[in-house]
Amino acid sequence: MPELPEVETVRRGLAPHLLGQRIDTIVVREPRLRWPIPESLSRRASGHSVVSLMRRGKYLIAALDSGDRLILHLGMSGRLLVVDLDTPVEKHDHVDFELASGTLIRFRDPRRFGALLLWPSGEETHPLLEGMGPEPFDAEFNGAYLFRRSRGRRVSIKSFIMNGRIVVGAGNIYATESLFRAGIRPRRAASRLSRAECDRLVSMVRKILEEAIDLGGTTLRDFAGAHGEAGYFQQELLVYGREGEGCAVCGTLIKRVLVNQRSSFYCPHCQC
DNA sequence: CTGTTAACCTGAGTGC
DNA sequence: TGCACTCAGGTTAACA
């Protein structure tokens, strides 16, 4: 479900409720996520306040006044919802954070590809965050960087920009849309992009992600922000999910191909 | 090292 | 209704 704009939308919705708040209780109903929720989580985190809520790629990181940090990932179907204490528990509501304010932060994740881990105080880094590429909005992520990193790489450019070691945040939807706007076919070898194309692609990735954040993310099926609200970027999608429709620019029929087992959409006329 | 594939898991949708 | 099948916004472990 959530790519960078969706995670950022959740972060912004959550922050006002979480910052400065003490976590009274953590209720874990189902610890079997992507990795098991650490048994020590509840003991270590309850009684402590949240001092910051950051995003790194598609991870959310909540720092506590103890120095411990909670790492959250929404996987494909995860949600973090702000609800009242008496809100009935639904089938896939795996974890509740009960705050001193009387608000509940509820983690729901039907497919359980998400994660909730502890990054203990004093540990410089966490294995999951180590080796991550730059944020797309960092100055480090620019045309020169993409050009340099892509030399000699035979993988498709789509897989390349979805690779979190190159740049974080672009998932299937936004990689697909960025490539359309940059005029590059998803299956082109990364090594065969010109420097000018790298410039264009970088600026399109940034632009798309920025616009998607402004519109509260993309809701195709079930993405929702912290208050259950849908995003609006799906209205801006020009190729994703539009196989067989006419291209918005030239009218040519949009094609669907598989790139590493993921659906990709492109216009055979606008993208080469 | 690079690149490809299967795997994790549930639910929604489709066709018979 | 039921069954079989496909697909879904992510990531990594295991392989060639």
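Values in this document were obtained by computation on a predicted structure and should not be read as measured data. Numbers given for residues are sequential positions, taken from 1 along each chain in its written order. Written order determines the labels here, with chains lettered from A and ligands numbered from 1. Given that the model is predicted, a residue must reach a pLDDT of at least 70 before its local features are reported, and side-chain atom pairs must reach 80 or more before they are shown or counted; all residues, however, enter totals for whole chains, interfaces and linings. Excluded from the side-chain calculations are hydrogens and water; all other atoms, namely the structure's heavy atoms, are used.

### Overview of the pairing of strand S7 (residues 103-108)
Part 1 of the argument: Whether a residue is buried, partly exposed or exposed follows from its accessible area with a 1.4 Å probe, protein chains only, as a fraction of its type maximum: under 20%, in between, or over 50%, in that order. Here a strand is any run of E in DSSP of at least two residues, a helix any run of H or I of at least four, and the numbering for each starts at the N terminus. The buried count for S7 comes to six of six residues, which makes it a mostly enclosed element.
Part 2 of the argument: Because side chains alternate across S7, one face comprises the buried residues Thr103, Ile105 and Phe107, and the other comprises Leu104, Arg106 and Arg108, equally buried.
Part 3 of the argument: Two strands pair if DSSP finds at least two bridges between them. Bridge analysis of strand S5 (residues 79-84) against S7 gives six bridges, and the strand direction is antiparallel. When the bridges of S7 are listed, Leu80 appears paired with Phe107.
Part 4 of the argument: Sheet analysis places strand S6 (residues 93-99) next to S7, joined by five bridges and oriented antiparallel. Looking at the pairing, Phe97 lines up with Ile105 of S7.
Part 5 of the argument: In this structure, the hairpin formed by S6 and S7 is closed by a connection of three residues, where Gly102 is found at a positive phi of approximately 95°.

### Some details on the domain arrangement of chain A
Part 1 of the argument: An automatic or database domain assignment supplies the start and end points of every domain. Taken domain by domain, chain A holds domain 1 (4-119) and domain 2 (143-266).
Part 2 of the argument: On the domain 2 side, the residues contacting the 18 residues of domain 1 number 20 residues.
Part 3 of the argument: When two parts are brought into contact, each loses some accessible area as probed by a 1.4 Å sphere; the total of that loss over both is the buried area. Roughly 1500 Å² of surface becomes buried between domain 1 and domain 2 when both sides are summed, with 64% attributable to carbon and sulfur atoms.
Part 4 of the argument: When the buried surface of domain 1 facing domain 2 is broken down by residue, Pro5, Glu6 and Thr9 rank first, second and third, together holding 34% of it. Contacts are assigned to residue pairs that have any heavy atoms within 4.5 Å of one another.

### Remarks on helix H5 (residues 172-182)
Part 1 of the argument: Burial analysis of H5 places 10 of its 11 residues in the buried class, which makes it a mostly covered element.
Part 2 of the argument: Those residues of H5 that fall on the buried side of the exposure criterion are Asn172, Ile173, Tyr174, Ala175, Thr176, Glu177, Ser178, Leu179, Phe180 and Ala182.
Part 3 of the argument: On its buried face, H5 is in contact with helix H1 (4-18), helix H4 (157-162), helix H6 (195-214) and strand S10 (262-266).

### Brief notes about the protein's contact with DNA strand B
Part 1 of the argument: Residues are counted as near a molecule or strand when any one of their heavy atoms sits within 4 Å of it. Taken together, the neighbourhood of DNA strand B is formed by Lys91, His92, Pro110, Arg111, Arg112, Phe113, Arg153, Arg154, Val155 and Gln261.
Part 2 of the argument: Of all atoms in DNA strand B that approach within 4 Å of the protein, 68% are sugar or phosphate atoms.
Part 3 of the argument: Contacts to DNA strand B include Arg112, whose side-chain N or O atom sits 3.2 Å from a phosphate oxygen.
Part 4 of the argument: Between Arg154 and DNA strand B, the recorded distance is 2.4 Å, taken from a backbone N or O atom to a phosphate oxygen.
Part 5 of the argument: A breakdown of the residues in the surface near DNA strand B according to their chemical character gives three nonpolar, two polar and five charged. Under the rule applied, a polar contact is a pair of N or O atoms within 3.5 Å (in protein, one hydrogen donor and one hydrogen acceptor; residues adjacent in sequence only if both atoms are side-chain atoms). Classification used: nonpolar for Ala, Val, Leu, Ile, Met, Phe, Trp, Tyr, Cys and Pro, charged for Asp, Glu, Lys and Arg, polar for all others including Gly.

### As for the pattern of salt bridges
Part 1 of the argument: The salt bridge criterion pairs a side-chain nitrogen of Lys or Arg with a carboxyl oxygen of Asp or Glu, the two atoms within 4 Å. Following the criterion strictly, the structure yields 18 salt bridges and no others.
Part 2 of the argument: Between Glu90 and Arg108 there is a salt bridge, with the nearest N and O atoms lying 3.7 Å from each other. Of the two residues, Glu90 is situated in the loop between S5 and S6 and Arg108 in strand S7; the sequence distance between them amounts to 18 residues.
Part 3 of the argument: Accessibility expressed as a relative area gives 48% for Glu90, which makes it partly exposed.

### As for the pairing of S6
Part 1 of the argument: Burial within S6 is extensive, with six of its seven residues counted as buried.
Part 2 of the argument: Inspection of the sheet shows strand S1 (residues 23-28) paired to S6 by five bridges, in the antiparallel sense. Its bridge partner being in S6, Thr25 is matched across the sheet by Glu98.

### Structural notes on the sheet that holds S7
Part 1 of the argument: A sheet is described by the order of its strands in space; here four strands give the open sequence S1-S6-S7-S5, paired in antiparallel fashion. The sheet terminates laterally at S1 and S5, the two strands that pair on one side only. Between one strand and the next, the sheet's axes are offset by a mean angle of 20°, whatever the strand orientation.
Part 2 of the argument: For every element, the axis is a line fit to its C-alpha atoms; helices are fit only across the contacting stretch, and the angle between N-to-C directions ranges from 0 to 180 degrees. Across the sheet, H1 is in contact with S5, S6 and S7; its angle to S5 comes to roughly 35°.

### Some words on H6
Part 1 of the argument: Multiplying 1.5 Å by the residue count of a helix minus one yields the expected span of that helix. Its 20 residues place the ends of H6 29 Å apart at the C-alpha level, agreeing with the 28 Å of an ideal helix rising 1.5 Å per residue.
Part 2 of the argument: Buried within H6 are the following residues: Glu197, Cys198, Leu201, Val202, Met204, Val205, Ile208, Leu209, Ala212 and Ile213. One face of H6 carries all of its buried residues, which in axial projection span an arc of 165°.
Part 3 of the argument: Where H6 is buried, its residues meet H1, helix H3 (143-150), H4 and H5.
Part 4 of the argument: Immediately beyond the C-terminal end of H6, within one or two residues, lies Gly216, with a positive phi of roughly 75°. By definition, the arc is the one covered by directions from the helix axis to the C-beta atoms.

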